[in-house]
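Spelled out from the first residue to the last, the chains are:
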Amino acid sequence: MLAHDAPAKMETVLEESFNEMRKHYAADPKSARSLVKIGESKRDASIPEAELAAWTMVASEMLNLDETVNK
């Protein structure tokens, strides 16, 4: 996954996940703020918190795929 393009089906799933996460965090800005304030580096303030939180969760999904963890 990390060394090649995602298959079409996986790409669709990740896009849908991103869109759902963005809706979730847009409706719950407190939750988005809690997520994006975690870490050593300050967040890029030009990226809306809901969008950054959604990208963070999609990246987490990708890093937790079996093929990423086991291969």
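Residues numbered from 1 in each chain as written. Predicted model: local features only at pLDDT ≥ 70, side-chain atom pairs only at ≥ 80, totals over all residues. Heavy atoms only, no water.

*Asks:* Is there a simple way to think about the overall build of the chain in this case?
*Replies:* Along the chain, the regular secondary structure elements total four helices and zero strands. Along the chain, from the amino end to the carboxyl end, the secondary structure elements read α-α-α-α. Scored against the burial criterion, the 71 residues of the chain give a buried share of 18%. The contacts of the chain with a sequence gap of at least 6 include a subset with a gap of at least 24, amounting to 57%. Working note: accessible area of the chain is about 5400 Å², and carbon and sulfur atoms make up 55% of it. (Helix = DSSP H or I, 4+ residues; strand = E, 2+ residues; numbered from the N terminus. Buried < 20%, exposed > 50% of the residue type's maximum accessible area, 1.4 Å probe, protein only. Contact = heavy atoms within 4.5 Å. Areas by Shrake-Rupley, 256 points an atom, 1.4 Å probe, with all protein chains shown as cover.)

*Asks:* What is the right way to look at the side chain of Ser 17 in this model?
*Replies:* Turning to its location among the elements, Ser 17 is positioned in helix α1 (residues 8-27). If we ignore the near neighbours within four places in the chain, the residues touching Ser 17 are Val 58 and Glu 61.

*Asks:* In this structure, what is going on with the pattern of salt bridges? I would like to understand it.
*Replies:* Between side chains of opposite charge, a pair can form as their charged atoms come close. Overall, the coordinates contain three salt bridges when judged by the stated rule. When the shortest N-O distance is used, the salt bridge between Arg 43 and Glu 49 registers 3.7 Å. Since its relative accessible area comes to 31%, Arg 43 is described here as partly exposed. Salt bridges sharing common partners tie together Arg 33, Arg 43 and Glu 49. (Salt bridge = Lys/Arg side-chain N within 4 Å of Asp/Glu carboxyl O.)

*Asks:* Sorry, what's going on with a negative patch on the surface here?
*Replies:* A cluster of acidic residues, Asp 5, Glu 11, Glu 15 and Glu 16, forms a negative patch at the surface. Along the chain, the position of Asp 5 falls in the segment before α1. (Patch = residues over 30% accessible without salt bridge, like charges linked within 9 Å, V, L, I, M, F, W, Y side chains within 5 Å. Lys, Arg positive; Asp, Glu negative; His and termini not counted. Charge placed at Lys NZ, Arg CZ, Asp CG, Glu CD.)

*Asks:* Explanation requested: the packing of α1 against helix α3 (residues 49-63) in the structure shown.
*Replies:* For any two helices packed against each other, one specifies the crossing angle of their axes together with the interaxial distance. The geometry of α1 relative to α3 is characterised by a closest axis approach of 8 Å and an angle of 140 degrees between their N-to-C directions. Classified by the interaxial angle, the pair formed by α1 and α3 is oblique. As for how α1 packs across α3, the hand of that crossing is right-handed. In contact with Leu 14, Ser 17, Phe 18, Met 21, Arg 22, Tyr 25 and Ala 26 of α1, α3 contributes Ala 50, Glu 51, Ala 53, Ala 54, Trp 55, Met 57, Val 58, Glu 61 and Met 62. Per-class residue counts for the contact of α1 with α3 are twelve nonpolar, one polar and three charged. (Axes fitted to C-alpha atoms, helices over the stretch in contact; angles between N-to-C directions. Parallel < 35°, antiparallel > 145°, perpendicular 65-115°, else oblique. Left-handed = near helix turned anticlockwise from the far one by under 90°. Nonpolar A, V, L, I, M, F, W, Y, C, P; charged D, E, K, R; others polar.)

*Asks:* Please clarify how α1 should be interpreted in this entry.
*Replies:* Taking 1.5 Å per residue as the helical rise, α1 with its 20 residues ought to reach 28 Å, and the 29 Å between its terminal C-alpha atoms agrees with that figure. Those residues of α1 that sit buried are Met 10, Leu 14, Ser 17, Phe 18 and Tyr 25. In an axial view of α1, the angular spread of the buried residues amounts to 105 degrees, which keeps them on one side of the axis. Seen from the open side of α1, the exposed residues pointing more than 90 degrees away from its buried face are Ala 8, Lys 9, Glu 20, Lys 23, Ala 26 and Ala 27. (Expected span 1.5 Å × (residues − 1). Arc of directions from axis to C-beta.)

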